Amino acid sequence: MRVLIFGATGFAGRYLARELTQLGHVVWGASRAISTDANSGHPVALEVAQLLRCDVADGAQVRDVLAASQADAVVMLSGVASPPEANRLPEQSFSVHVTGAVNVLGAVAARPRATRVLVVTSSEAYGSTGRAASPLVEEAALHPTSIYAASKAAADLAAEAFAVSRGCDVVRVRPFNHTGPGQRRDFVCPDFAGQVAAIAAGRRAPVLEVGNLDVCRDFSDVRDIVRGYVAALLRGKSGDVYNLCSGHGTSIRDILTALCQLADIEPEIRQDGSRQRPAEVPAYWGSAAKAARDLDWRPEIPWHRTLADLLAWCRAGEGIR
């Protein structure tokens, strides 16, 4: 199968391209930046047959890339990576997440050949529903509490509308938090791992800058999550949506403690108010029962290994073996 990934050069995109390639599929990539050095700190080489330049907010570019790739399936993975960044750039967030999804779905709907589309949204779309409904199931209401979450929820609803009103072969996934080697340092796990690695190497004072440690989220390994993307692409029911998650909550404090233990350090913990998010839901986690039943998917990588691999990658960035 020929698969076109919009957002192939990103954190999860590279893992997804590798997973699909290893399964024997021909993978094409699309990105606003076509240099293979994009996100060069990523430990996974970009494995695509061809990388094409495309801004998903430009409908003409989307149509041209789709025609060039002659894809049998498309993955919409382009996005503003982090909620804080999206909240700073609301117009860009909605342009990429919503207009981009509509452009991809519209281009596919206009094709004479059948094309499956996987639209990757986010568990953040559940928003304040998580206060009372955890574990969150796919039928839970979407009540986003941030710009990032609202734009992802809108993309999710647009994908459902194209499936219902235009007959598009669309599957949606709502991944919960995931991390691993290669993730940007403005996410909590690589941020902490990077600080811990630098302290352990003696290149930083033994002080860890943190935000709210009492927040609880559902974390998984990115390698498990992209296996879920592939499972949904190959086996997902058209028009349906699937949570991809571990099924239990992990506090940010526990993550910090585990990383410090792995590095054998006991630094001072210092609260930084600028790291706090407004309107943050204190705790939520998901249910992956539907993905297990319909996709035969469940996370396999132990969380301790995920953190160990992430710390090892950060230590390598500090020149530590």
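What you see is a predicted model; the values in this text were computed from it and never measured.

1. A few points about the overall build of the protein chain
Here is step 1: When helices and strands are tallied, the protein chain shows 11 helices and 13 strands.
Here is step 2: Expected size for 321 residues packed as a compact globule is a radius of gyration near 20 Å; at 19 Å, the protein chain falls within 12% of this value.
Here is step 3: Taken along the three principal axes of its C-alpha coordinates, the protein chain extends 60 × 45 × 35 Å.
Here is step 4: In the protein chain, which comprises 321 residues, the proportion classed as buried is 54%.

2. Description of helix α11 (residues 303-317)
Here is step 1: Here α11 spans 21 Å end to end across 15 residues, near enough to the 21 Å set by a 1.5 Å rise per residue.
Here is step 2: When we look at burial in α11, the residues that qualify are T306, L307, L310, L311, W313 and C314. One side of α11 holds all its buried residues, which, seen down the axis, span an arc of 155 degrees.
Here is step 3: Structurally, α11 contributes buried residues whose contacts are with β7 (177-179), α7 (188-200), β10 (219-221), α8 (222-235) and α9 (252-263).

3. A short note on the pattern of salt bridges
Here is step 1: Per the counting criterion, the structure on display carries 17 salt bridges.
Here is step 2: Measuring nitrogen to oxygen at the nearest pair gives 3.4 Å for the salt bridge that ties R305 to D309. Of the two residues, R305 and D309 both sit in helix α11, four residues apart, roughly one turn of that helix.
Here is step 3: Classification of D309 by relative accessible area gives partly exposed; the value is 24%.
Here is step 4: Put simply, D221, R223, R305 and D309 are held in one network by salt bridges that share partners.

4. Quick word on unusual backbone geometry
Outside of glycine, negative phi angles account for most residues, and trans bonds account for most peptide bonds.
Here is step 1: For the peptide bond that leads from S134 to P135, omega is 0 degrees, which places it in the cis range.
Here is step 2: Structurally, the position occupied by P135 is in the loop between α5 (130-133) and α6 (147-165).
Here is step 3: With phi around 50 degrees, Q70 is a residue other than glycine that occupies positive phi space.
Here is step 4: For Q70, a relative accessible area of 37% puts it in the partly exposed group.
Here is step 5: One non-glycine residue, D296, lies in the positive phi region at around 55 degrees.
Here is step 6: Residue placement: D296 occurs in the loop between α10 (289-295) and α11.
Here is step 7: D296 gets classed as exposed once you look at its relative accessible area, which sits at 57%.

5. So, the nonpolar core
Here is step 1: Formed by 41 residues in total, the largest nonpolar core has its most connected members in I5, L16, V75, L118 and Y229.
Here is step 2: Mapped onto this core, the elements with two or more residues apiece are β1 (2-6), α1 (11-22), β4 (73-76), β5 (116-120), β6 (169-175), α8, β11 (241-244) and α10.
Here is step 3: Counting residues per element, this core draws most heavily on α8, at eight residues.
Here is step 4: The residues contacting Y229, other than those within four sequence positions of it, are A12, L16, L77, L118, V120, V173, P175, H178 and L244.
Here is step 5: V56, A107, V108 and V117 belong to the second-largest nonpolar core, a separate cluster that totals 25 residues.

6. Section: the packing of aromatic side chains
Centre-to-centre distance and the angle between the planes together describe a pair of aromatic rings.
Here is step 1: Overall, the coordinates contain four aromatic pairs when judged by the stated rule.
Here is step 2: Between the aromatic rings of Y126 and F176, the centroid separation amounts to 6.2 Å while the plane-to-plane angle is 35 degrees, which identifies the pairing as tilted. Placement of the pair is Y126 in the loop between β5 and α5 and F176 in the loop between β6 and β7, with a sequence separation of 50 residues. Pair check on accessibility: Y126 and F176 agree, each one buried.
Here is step 3: Aromatic side chains F219 and W303 sit 5.5 Å apart centroid to centroid with 35 degrees between the ring planes, which places their arrangement in the tilted category. Note that F219 is positioned in strand β10 and W303 in helix α11, a separation of 84 residues in sequence.
Here is step 4: Following the ring pairs from residue to residue traces out a cluster consisting of Y126, F176 and Y284.
Here is step 5: Here the guanidinium or amino end of K290 rests over the ring plane of Y242, the centre of that ring lying 5.1 Å away.

7. As for helix α2 (residues 59-69)
Here is step 1: Of the residues making up α2, those classed as buried are G59, V62, V65, L66 and S69. Along the axis of α2, the buried residues cluster in a sector spanning 130 degrees; they form a single face.
Here is step 2: On its buried side, α2 packs onto β1, β2 (26-31), β3 (50-53), β4 and α4 (90-109).
Here is step 3: At the N-terminal boundary of α2, the capping side chain belongs to D58, with an oxygen 3.0 Å from the backbone nitrogen of A60.
Here is step 4: Positive backbone phi, at 50 degrees, marks Q70, one or two positions downstream of α2.

Basis of the calculations
Residues numbered from 1 in each chain as written. Predicted model: local features only at pLDDT ≥ 70, side-chain atom pairs only at ≥ 80, totals over all residues. Heavy atoms only, no water. Helix = DSSP H or I, 4+ residues; strand = E, 2+ residues; numbered from the N terminus. Rg over C-alpha atoms; globule rule 2.2 N^0.38 Å. Buried < 20%, exposed > 50% of the residue type's maximum accessible area, 1.4 Å probe, protein only. Expected span 1.5 Å × (residues − 1). Arc of directions from axis to C-beta. Contact = heavy atoms within 4.5 Å. Salt bridge = Lys/Arg side-chain N within 4 Å of Asp/Glu carboxyl O. Core = buried A, V, L, I, M, F, W, Y, C linked by side-chain atoms within 4.5 Å. Phe/Tyr/Trp six-rings, centres within 6.5 Å; stacked < 30°, edge-to-face > 60°. Lys NZ or Arg CZ within 6 Å of the ring centre and 35° of its normal. Polar contact = N/O pair within 3.5 Å; in protein donor to acceptor, adjacent residues only side chain to side chain.

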